[in-house]
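Listed below are the residues making up each chain.
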Amino acid sequence: VLAMPANSALADALAGSPDPAAAIIPQGTSVTIPKAYALFCLAAGFTAICAMLLPGISGSFVLLILGSYYFMLNTGKGFMHGLMHGDFHSSHLLYLACFAGGALLGIIAFSRLLTWLMSKYPDMTHAAIIGILIGCLRGVWPWQTVTAPTPAQIAAPAAFILAGLALVALTVVLQIRHDRLENH
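Below, the structure is looked at part by part. Please read these numbers as outputs of a predicted model, since none were measured by experiment. Each residue is numbered by its place in its chain's sequence as written, counting from 1. Per-residue local features are limited, in this predicted model, to residues with pLDDT of at least 70; the limit for side-chain atom pairs, both in listing and counting, is 80 or more; totals at the level of whole chains, interfaces and linings are taken over all residues. As a convention, hydrogens and water are excluded, and side-chain values are obtained from all of the structure's heavy atoms.

### Some thoughts on the overall build of the protein chain
Right, so step 1: Check the secondary structure of the protein chain and you find 7 helices and 0 strands.
Right, so step 2: For the protein chain, the α and β elements follow one another from N to C terminus as α-α-α-α-α-α-α.
Right, so step 3: Burial classes: relative accessible area under 20% of the type maximum marks a residue as buried, over 50% as exposed, and values in between as partly exposed (1.4 Å probe, protein chains only). Taken across its 184 residues, the protein chain has 21% of its residues classed as buried.
Right, so step 4: In the protein chain, once contacts between residues fewer than 6 apart in sequence are set aside, the share between residues at least 24 apart is 61%.
Right, so step 5: As displayed, the protein chain has an accessible area near 13200 Å², and 71% of this comes from carbon and sulfur atoms. Helix numbers and strand numbers start at the N terminus; a helix is a DSSP run of H or I with at least 4 residues, a strand a run of E with at least 2. Contact definition: two residues touch when any of their heavy atoms are within 4.5 Å. Only the protein chains shown count as cover for residues, with accessible areas throughout obtained via the Shrake-Rupley method and a probe of 1.4 Å.

Printed below as a string of structure tokens:
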């Protein structure tokens, strides 16, 4: 979106800020969205709703990561403003419908996948969900500094991840052995 010539004012506003994510964009800055963005809205809706089905992962945070949170928020605001003031834009409806369609597909597909995984592999699925929860803590922890991690800061979490994986593997092996002994 920023590479489009029509969005040069937006690119200039973001370029002047040391942190583009925290930049204040002047009111009235026009933004042109490419036509293929409707497919991205579908994918964003699908991904965000999948995140919402898992505990500990925020769908809004996923939308922020994808770069579509503010776009969808402003699209919804524009749609509601258009309905209230008679200034309706069909593009708002298109993007909201694509997002909602992606969310509906995501709920149907991901809930079925989770149900299947929970029925076939309940222990491994629970372990994976717990791992996702623990892994998400880094992203939502409020007392972080914005610096590149040192090798020691990477090694410690990696060691905990490997220890957790080893613990899960040991638990699975012990469970399999216990089941075999009970069956004989």
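### Let's talk about the nonpolar core
Right, so step 1: What we call a nonpolar core is a set of buried Ala, Val, Leu, Ile, Met, Phe, Trp, Tyr and Cys residues that are connected through their side-chain atoms within 4.5 Å. Tyr37, Ala38, Cys41, Ala44, Ala48, Leu63, Phe71, Met72, Tyr95, Cys98 and Phe99 together form the largest nonpolar core, which totals 11 residues.
Right, so step 2: Of all the secondary-structure elements, those providing two or more residues to this core are α2 (37-53), α4 (69-85) and α5 (90-120).
Right, so step 3: Take this core: its biggest share by element is 5 residues, from α2.
Right, so step 4: Of all hydrophobic cores here, the second largest spans 5 residues; its members include Leu54, Phe110, Leu114 and Ile129.

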